[in-house]
Amino acid sequence: MSTVPKRLLTAAEYLAQERCASFKSEYYQGETFAMAGATREHNLIVGNLVREVGNGLKGGKCEVYPSDMRVKISATGLYTYPDVTVICGGPEFEDEQGDTLLNPTVLFEVLSDSTEAYDRGTKAAHYRRLPSVKEYVFIAQDRPLVERYVRQADGGWTLREVTCVDQNVDLDGIPVRLPMSEIYRQITLEETKML
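Here's what I pulled together on the structure shown here. Keep in mind the model is a prediction, meaning the values are calculated, not measured.

Secondary structure assignment for the chain yields 4 helices and 13 strands. By the compact-globule yardstick of 16 Å for 195 residues, the chain fits well, its C-alpha radius of gyration being 17 Å. Taken along its principal axes, the extent of the C-alpha atoms in the chain is 60 × 40 × 35 Å. Burial status across the chain gives 42% buried among its 195 residues. At a minimum sequence separation of 6, the contacts of the chain that also span at least 24 residues come to 52%. Accessible surface computed for the chain: about 10,300 Å², of which carbon and sulfur atoms make up 51%. Across the chain, 22 positive and 29 negative side-chain charges occur, with their mean positions spaced 2 Å apart.

Here it is, written out as structure tokens:
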């Protein structure tokens, strides 16, 4: 029995296909990976983040994008859609379409059971290869947990976490303070759930 080899796409073919698609897909090394839908909690947290970060940056030179802004990690070739992306300074795009950002400053991922291992592992490794990224942030959707990975002057990363709903998350990559209570607005949390 013979198998037909899977046809790999070029990045240009992926972008042409993605720009016409009714759903989003990540792209890496010639393959596309359809993105799953999100829960109510996931969507509420993303909306809360976009609102709070956007309000905190109002009047400045930073822009906040929800999960429809595609990001390319040029060093690895991954095209992906972070849940929330912040760019400070002028945005750099892959082409004139203006839909594939090359220089994000801060990236947020809301963790879910189906994506947590990928977000924390492979995807985080790709994010660390973006020289413009000063910070990437993981947010649990079922318990109060925000983990911030902050780039240090020597290129290393430091983990900082907040686990109480009555605390604030002070971001280093952008001048914003996020109250945990606002990140989790309208979300029922399990205070005692362990990692």
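Another aspect to go through is the packing of aromatic side chains. For any pair of aromatic rings, geometry is given as the distance between the ring centres together with the angle between the planes. Throughout the structure, instances matching the rule amount to 8 aromatic pairs. A centroid spacing of 5.6 Å and a plane angle of 70° characterise the contact between Tyr27 and Tyr79, whose relative ring orientation is edge-to-face. Placement of Tyr27 in strand β1 (residues 25-28) and of Tyr79 in strand β5 (residues 78-80) is noted, with a sequence separation of 52 residues between them. Accessibility assignment for this pair places Tyr27 and Tyr79 in one class, buried.

Residues Leu49, Phe108, Ile139, Ile174, Leu178, Ile183 and Tyr184 are the most contacted members of the largest nonpolar core, which totals 28 residues. Within the residue set of this core, elements represented by two or more residues are α2 (40-56), β6 (84-88), β8 (106-111), β9 (135-140) and α4 (180-183). When residues in this core are grouped by element, the largest group, 5 residues, is from α2. Among all residues touching Ile174, those that are not within four sequence positions of it are Val53, Leu57, Cys62, Val86, Cys88, Thr105 and Val106.

Another aspect to go through is the state of the cysteines. Taken as a whole and judged by the stated rule, the model has 1 disulfide. Across the disulfide, Cys62 is cross-linked to Cys88 (sulfur-sulfur distance 2.0 Å). The chirality of the disulfide connecting Cys62 with Cys88 is right-handed, given an S-S dihedral of about 105°. Of the two residues, Cys62 is situated in strand β3 (residues 62-65) and Cys88 in strand β6; the sequence distance between them amounts to 26 residues.

Relative to the 24 Å expected for 17 residues at 1.5 Å per residue, α2 spans 24 Å between its end C-alpha atoms, a close match to the ideal helical length. Along α2, the residues that are buried comprise His42, Leu44, Ile45, Val46, Asn48, Leu49, Glu52 and Val53.

Now for the pattern of salt bridges. Here the structure, examined in full by the defined rule, presents 18 salt bridges. The residue Lys123 makes a salt bridge to Glu26 at a minimum N-O spacing of 3.3 Å. One end of the pair, Lys123, is in helix α3 (residues 116-127); the other, Glu26, is in strand β1, with 97 residues separating them in the sequence. Residue classification places Lys123 among the buried positions, given a relative accessible area of 3%. The class of Glu26 is buried, set by a relative accessible area of 7%. Ionic pairing is found between Arg51 and Glu52, a salt bridge with its closest N-O pair at 3.7 Å. Judged by its relative accessible area of 36%, Arg51 is partly exposed. Residue classification places Glu52 among the buried residues on the basis of a relative accessible area of 17%. Each member of the salt-bridge network shares a partner with another, and the members are Arg19, Arg70, Asp95 and Asp99.

The phi dihedral of Gln29 is positive, around 50°, even though this residue is not glycine. Along the chain, the position of Gln29 falls in the loop between β1 and β2 (31-34). Residue classification places Gln29 among the exposed residues on the basis of a relative accessible area of 57%. Backbone geometry at Gln186 places phi at a positive 75°, although glycine is not the residue there. Examined against the element boundaries, Gln186 turns out to sit in the segment after α4.

Scoring rules and cut-offs
Residues numbered from 1 in each chain as written. Predicted model: local features only at pLDDT ≥ 70, side-chain atom pairs only at ≥ 80, totals over all residues. Heavy atoms only, no water. Helix = DSSP H or I, 4+ residues; strand = E, 2+ residues; numbered from the N terminus. Rg over C-alpha atoms; globule rule 2.2 N^0.38 Å. Buried < 20%, exposed > 50% of the residue type's maximum accessible area, 1.4 Å probe, protein only. Contact = heavy atoms within 4.5 Å. Areas by Shrake-Rupley, 256 points an atom, 1.4 Å probe, with all protein chains shown as cover. Lys, Arg positive; Asp, Glu negative; His and termini not counted. Charge placed at Lys NZ, Arg CZ, Asp CG, Glu CD. Phe/Tyr/Trp six-rings, centres within 6.5 Å; stacked < 30°, edge-to-face > 60°. Core = buried A, V, L, I, M, F, W, Y, C linked by side-chain atoms within 4.5 Å. Disulfide = S-S within 2.5 Å. Expected span 1.5 Å × (residues − 1). Salt bridge = Lys/Arg side-chain N within 4 Å of Asp/Glu carboxyl O.

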